[in-house]
Amino acid sequence: MLLVRGSGGGTTLTGTIYERGEEAPSFKGAPDEGAPYVWVCDAFYEVESGGSELVVDGEPIRVAFESPAPRGFDTRDQAVSAAEEHVRTQFARVGVPEADVEVEVVKRDPE
């Protein structure tokens, strides 16, 4: 299991890559069970009202969450690249410039 964590604007977002042999969560919209690498992470966007409060660069904003975005990949490199892009995109959606987002990939043993 790989955790892909993005930090920027004083907040973080973490998603998970399930590796070959690990059991990824199953739910509507999940990728083919046969995918060797599965990326799962929330997606969000800024809204005028409702949603949840998130503090970005010291300023409170409101965000709404979409359903998790599961995607299957054939290789670890493909999964990590897509995960990093997804994390950067989420920060861009709330006004954090790509250059200000730090992304790290951490290996974690499944519990």
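Structure shown above.
These figures come from a predicted structure and were not determined experimentally.

Draft legend 1. Representation of the pattern of salt bridges within the structure. For the structure shown, the criterion picks out five salt bridges. One salt bridge connects Arg 76 with Glu 19, and the closest N-O pair in it is separated by 2.1 Å. Linking Arg 76 in helix α1 (residues 76-93) with Glu 19 in the loop between β2 (11-18) and β3 (37-40), this pair joins segments that are 57 residues apart in sequence. We classify Arg 76 as partly exposed; its relative accessible area is 37%. Judged by relative accessible area, Glu 19 falls into the buried class, the value being 9%. Taking the shortest distance from any N to any O, the salt bridge between Arg 93 and Glu 66 comes out at 3.0 Å. Of this pair, Arg 93 sits in helix α1 while Glu 66 sits in strand β6 (residues 59-66), and the two are 27 residues apart along the sequence.

Parameters at a glance
Residues numbered from 1 in each chain as written. Predicted model: local features only at pLDDT ≥ 70, side-chain atom pairs only at ≥ 80, totals over all residues. Heavy atoms only, no water. Salt bridge = Lys/Arg side-chain N within 4 Å of Asp/Glu carboxyl O. Helix = DSSP H or I, 4+ residues; strand = E, 2+ residues; numbered from the N terminus. Buried < 20%, exposed > 50% of the residue type's maximum accessible area, 1.4 Å probe, protein only.

By themselves these figures say nothing about function.
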